[in-house]
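# Geometric and topological summary
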Amino acid sequence: MSYPPDKLLYMRIVVLAGGIGGARFLRGLKQAAPDADITVIGNTGDDIHLFGLKVCPDLDTVMYTLGGGINEEQGWGRKDESFHVKEELAAYGVGPEWFGLGDRDFATHIVRTQMLGAGYPLSAVTEALCARWKPGVRLLPMSDDRVETHVAVDMDGERRAIHFQEYWVKLRASVEAQAIVPVGAEQAKPAPGVLEAIAEADVILFPPSNPVVSVGTILAVPGIREAIAEAGVPVVGLSPIVGDAPVRGMADKVLAAVGVESTAAAVATHYGSGLLDGWLVDTVDAGAVGEVEAAGIRCRAVPLMMTDVDATAEMARQALALAGEVRA
Ligand code: GDP
Ligand code: CA
């Protein structure tokens, strides 16, 4: 049974999103359910201070993608971008040079940092930035408190913890991740509106975002995982792993660090039936359906490549249909 069309109209959907995977999925979801009330809980564990500015890569990727400002090919950053500020900073010998902040993007981080400095919480700042971009969803940071994902690596004969961005962007995940630690998460509180949105949701979706450093970080904020498990509404996820590899990026490296195989089934059981009611795998992973269902999670194999918005909208429709099926 799927949701009747009238239900789709006013459906309240909560989505836990990272950057590219989350943002692209949301674009499809908006097309599939244009009248739904969508709240996005965004990962802020990737946030980093650069050049004195607060940068929130995942929130911005969602905001730019849904607001029409994204660099489509790259999947992050602004379109029609230039890099004069970065070049000027480099001329002063001021780095890091490995993080690509463009001129247009800089403005976002300046406004954000200015507002934070004036005492506004990140949730209010995000709302203010979205007043310009009109993403068509309510975008909430997972927390107003500082959470920073660190990666433990063995380098130069010693174990070190480095910022996730240094691991991902600078090192391109080229060294083995020994552990992933969302520093500050234990003390963080969900941002205003987060628990309320979960409690009022009709459906909760996990897009094909990174299960460890995107969705996993959001779930590490005390209260969020519990609220989802107790919401009593269908929770459906889409696999970011297709054919035993991430579609894009290096999710396999961080999955290995938490002892999870890079397969669609292993990611589902990592979330577990206490959290997930339904799971979509790609058609190439149809063989995994039995294993996921044996773990108590309803599973379907459908095309999961977000090649364009129509294909992504169909993925979102399949996720909502599965939610309708598992609905008690
Ligand atoms: P990030 O913060 O920019 O890394 O983005 P997310 O965490 O939201 O999403 C990253 C994940 O998206 C990666 O693990 C990819 O495997 C996954 N992904 C990207 N494109 C696709 C796609 O077309 N289909 C599926 N199923 N997953 C995708
Ligand atoms: Ca991210």
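Here's what I pulled together on the structure shown here. (Residues numbered from 1 in each chain as written. Chains lettered and ligands numbered in written order. Predicted model: local features only at pLDDT ≥ 70, side-chain atom pairs only at ≥ 80, totals over all residues. Heavy atoms only, no water.)

## Regarding the coordination of the calcium ion (ligand 2)
Taken together, Asp46 (OD), Asp58 (OD) and Asp58 (OD) make up the full set of protein donors to the calcium ion (ligand 2), lying 2.0 to 2.5 Å away. Of this pair, Asp46 sits in the loop between β2 (37-42) and β3 (48-50) while Asp58 sits in helix α3 (residues 57-67), and the two are 12 residues apart along the sequence. Judged by relative accessible area, which is 6%, Asp46 ranks as buried. (Donors = N, O, S within 2.8 Å, 3.2 Å for Na, K, Ca; no water. Helix = DSSP H or I, 4+ residues; strand = E, 2+ residues; numbered from the N terminus. Buried < 20%, exposed > 50% of the residue type's maximum accessible area, 1.4 Å probe, protein only.)

## Remarks on the packing of helix α2 (residues 20-32) against helix α14 (residues 309-326)
Where α2 meets α14, the axes come as close as 7 Å, and the angle between the chain directions of the two elements is 75°. One finds that α2 runs roughly perpendicular with respect to α14. Together, Arg24, Phe25, Arg27, Gly28, Leu29, Gln31 and Ala32 of α2 and Val309, Asp310, Thr312, Ala313, Met315, Ala316, Arg317 and Leu320 of α14 make up the contact between the two elements. Looking at the contact of α2 with α14 residue by residue, the class counts come to eight nonpolar, three polar and four charged. (Axes fitted to C-alpha atoms, helices over the stretch in contact; angles between N-to-C directions. Parallel < 35°, antiparallel > 145°, perpendicular 65-115°, else oblique. Contact = heavy atoms within 4.5 Å. Nonpolar A, V, L, I, M, F, W, Y, C, P; charged D, E, K, R; others polar.)

## Focus on the sheet that holds strand β13 (residues 278-281)
Reading across the sheet, the seven strands line up as β5-β2-β1-β9-β10-β13-β14 and stay open at both edges, with parallel pairing between neighbours. Lying at the two open borders of the sheet, with one neighbouring strand each, are β5 (138-141) and β14 (298-301). Sheet twist, expressed as the mean angle between neighbouring strand axes with direction ignored, is 20°. By the bridge criterion, six bridges tie strand β1 (residues 12-17) to β2 in an arrangement that is parallel. Looking at the pairing, Arg12 lines up with Asp37 of β2. Contacts from helix α12 (residues 264-271) reach β9 (203-206) and β13, with the element oriented near 160° to β13. The strands that α14 touches are β1, β9, β10 (235-238), β13 and β14; relative to β13, the one it contacts most, it runs at about 150°. (Pairing = 2+ DSSP bridges.)

## Focus: the site of ligand 1
Pro208, Ser209, Ser214, Leu304 and Met306 are the nearest of the 20 residues found near ligand 1. One of the backbone nitrogen or oxygen atoms of Gly19 is found 2.9 Å away from an oxygen atom of ligand 1. The fraction of the free accessible surface of ligand 1 (590 Å²) that becomes covered by protein chains is 91%. Among the elements that make up the shell around ligand 1, the one with the highest residue count is α2 (three residues). Here the shell around ligand 1 is built from residues that sort into 10 nonpolar, eight polar and two charged. (Near = heavy atom within 4 Å. Polar contact = N/O pair within 3.5 Å; in protein donor to acceptor, adjacent residues only side chain to side chain. Areas by Shrake-Rupley, 256 points an atom, 1.4 Å probe, with all protein chains shown as cover.)

## Considering the pairing of β10
Burial along β10 is two-sided: Val235 and Gly237 and Val236 and Leu238, pointing in opposite directions, are all buried. Both β9 and β10 contribute to a ladder of three bridges, which runs parallel. The residue bridging Ile204 from the neighbouring strand is Val235, located in β10. Relative to β13, β10 runs parallel, the two being bridged by three bridges. Paired with Leu238 across the bridge in β13 is Leu280.

The values are spatial; any link to function lies outside them.
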